[in-house]
Amino acid sequence: MVKQFERGVVFRFGRVRPTIRPPGLALLVPIADRLQKVNMQIITMPVPAQDGITRDNVTVRVDAVVYFNVVDPVRAAVDVEDYISAIGQVAQTSLRSIIGKSDLDDLLSNRERLNQGMELMIDSPALDWGVHIERVEIKDVALPETMKRSMSRQAEAERERRARIITADGELQASEKLGQAAEVMTEHPAALQLRLLQTVVEVAAEKNSTLVLPFPVELLRFLERSTPPEPVKATGAEQATPTTAPVARNGSSAADIAPVREIEQAQRTSGPISFDSLTASPAVTAKPPALPVPETAGLAQPQWGGLHAGCADPAWQP
């Protein structure tokens, strides 16, 4: 009995019969015929991990999987003793060859091309055995820890470079738009006020306890233009001359009483008062008359002392 996924190869007295027995009931000649069943299903065979060195001198460990099936039962039963083991050995050698011919970047990112190349390498000897390679897949590529750290640093640097480029591009576009907005606000000052009100609304929506409100210069200029002019102020001479002087208790002004108080205080402390001590007072402005000086030839001029208020001042010179 031959199953649906099998084919029967009949050996009569040790010689293979060209007719392949289909699925179902197969009639055999007793003692003369011997039936060998060949599985025609697709076989999945994992390839053990292989250690190798890539073309750029990186040590890797790669494993794969091979999908194949028998297309010629006679050749698979006659030409090769164990076609499954043969396909496994060819797959391992092909995988090591692919590792040595490829770069690390190809193993990580360009696996489709490597899968096709490995499939061709395995399929060439398998066709002579009546086996067809359906598909070859590289499952995993194991890298050393040092290489993983190096690749992570490289990826991080690449991401940072892209981020900086994107940020710079955004700043460039933003500066262009801000320049256009500044030109529009220059032509229309009211646009700046509208923008300010919009900013206030956005800040107020966050329910903050403190609100910082910038005060634009254009608004100050607007208020300055709308403010009416102030009345003309009095001149400096008019401000310096008071209309009414402060009056003391006895009816005399404070300007007349102040010099008298200064004279009395000076008499108590230093005795007689000279004209020089009273020159700073605005009330005493008169100077004593100069005494006549006799004209005597050949004689020295006498030193005269000044008299004022009954007191002699030797420091005074006419």
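That block above? That's the structure.
Bear in mind that the values here come from a model prediction, so they are computed numbers and not experimental data.

Caption draft 1: Main features of the side chain of Ser 94. Examined against the element boundaries, Ser 94 turns out to sit in helix H2 (residues 83–101). With relative accessibility at 4%, the residue Ser 94 sits in the buried group. When near neighbours in sequence (up to four residues on either side) are disregarded, Ser 94 contacts Met 118, Met 121 and Ile 122.

Caption draft 2: Geometry of the pairing of strand S4 (residues 43–53). Bridge analysis of S4 against strand S5 (residues 59–70) gives 9 bridges, and the strand direction is antiparallel. Across the sheet, residue Pro 46 finds its bridge partner in S5, namely Val 65. If you look at the hairpin formed by S4 and S5, you'll find 5 residues sitting between the two strands, and Asn 57 has a positive phi there, around 60 degrees.

Caption draft 3: Geometry of the side chain of Asp 63. Inspection of the secondary structure puts Asp 63 in strand S5. Notably, Asp 63 is buried but unbridged: the nearest opposite-charge side chain belongs to Lys 139, and the N-O separation is 4.2 Å. Not counting residues within four places of it along the chain, the set of residues in contact with Asp 63 comprises Val 47, Pro 48, Ala 49, Leu 95, Ile 138, Lys 139 and Asp 140.

Caption draft 4: Looking closely at the sheet that holds strand S3 (residues 33–39). The 3 strands are arranged S2-S1-S3 in an open sheet whose pairing can be described as antiparallel. Only two strands of the sheet have a single partner each, and these edge strands are strand S2 (15–21) and S3. Taken over all neighbouring pairs, the strand axes of this sheet differ in orientation by 30 degrees on average, direction set aside. Summarising the sheet, strand S1 (residues 6–12) and S2 pair through 4 bridges and their orientation is antiparallel. Counted as the bridge partner of Gly 8 is Arg 21 from S2.

Caption draft 5: Quick look at the nonpolar core. Judged by nonpolar contacts, the single largest core of 37 residues is most densely connected at Val 60, Val 66, Phe 68 and Ile 87. Listed by contribution, the elements that provide at least two residues to this core are S1, S4, S5, helix H1 (73–78), H2, helix H3 (104–109), helix H4 (111–127) and strand S6 (131–142). The leading source of residues in this core is H2, at 8 residues.

Parameters at a glance
- All chains use their own residue numbering, which begins from 1 and follows the written sequence.
- In view of the model being predicted, local features appear only for residues whose pLDDT reaches at least 70, and side-chain atom pairs are presented and counted only at 80 or more, with totals across whole chains, interfaces and linings using the full set of residues.
- The side-chain figures draw on all heavy atoms in the structure; neither hydrogens nor water molecules are used.
- Helix numbering and strand numbering both begin at the N terminus, where a helix is a DSSP run of H or I of at least 4 residues and a strand a DSSP run of E of at least 2.
- Relative accessibility thresholds used throughout: buried, under 20% of the residue-type maximum; exposed, over 50%; partly exposed, between the two (1.4 Å probe, protein chains only).
- What makes two residues a contact is simply this: any of their non-hydrogen atoms within 4.5 Å.
- When DSSP finds two or more bridges between a pair of strands, those strands are recorded as paired.
- The charge count treats Lys and Arg as positive and Asp and Glu as negative. His and the chain ends do not count.
- Any carboxyl oxygen of Asp or Glu within 4 Å of a side-chain nitrogen of Lys or Arg constitutes a salt bridge here.
- Fitted lines through C-alpha atoms give the axes, limited to the stretch in contact for helices. The angle between two N-to-C directions lies from 0 to 180 degrees.
- Definition used in this section: a nonpolar core is a set of buried Ala, Val, Leu, Ile, Met, Phe, Trp, Tyr and Cys residues joined via side-chain atoms within 4.5 Å.

The analysis is restricted to geometry; functional conclusions fall outside its scope.
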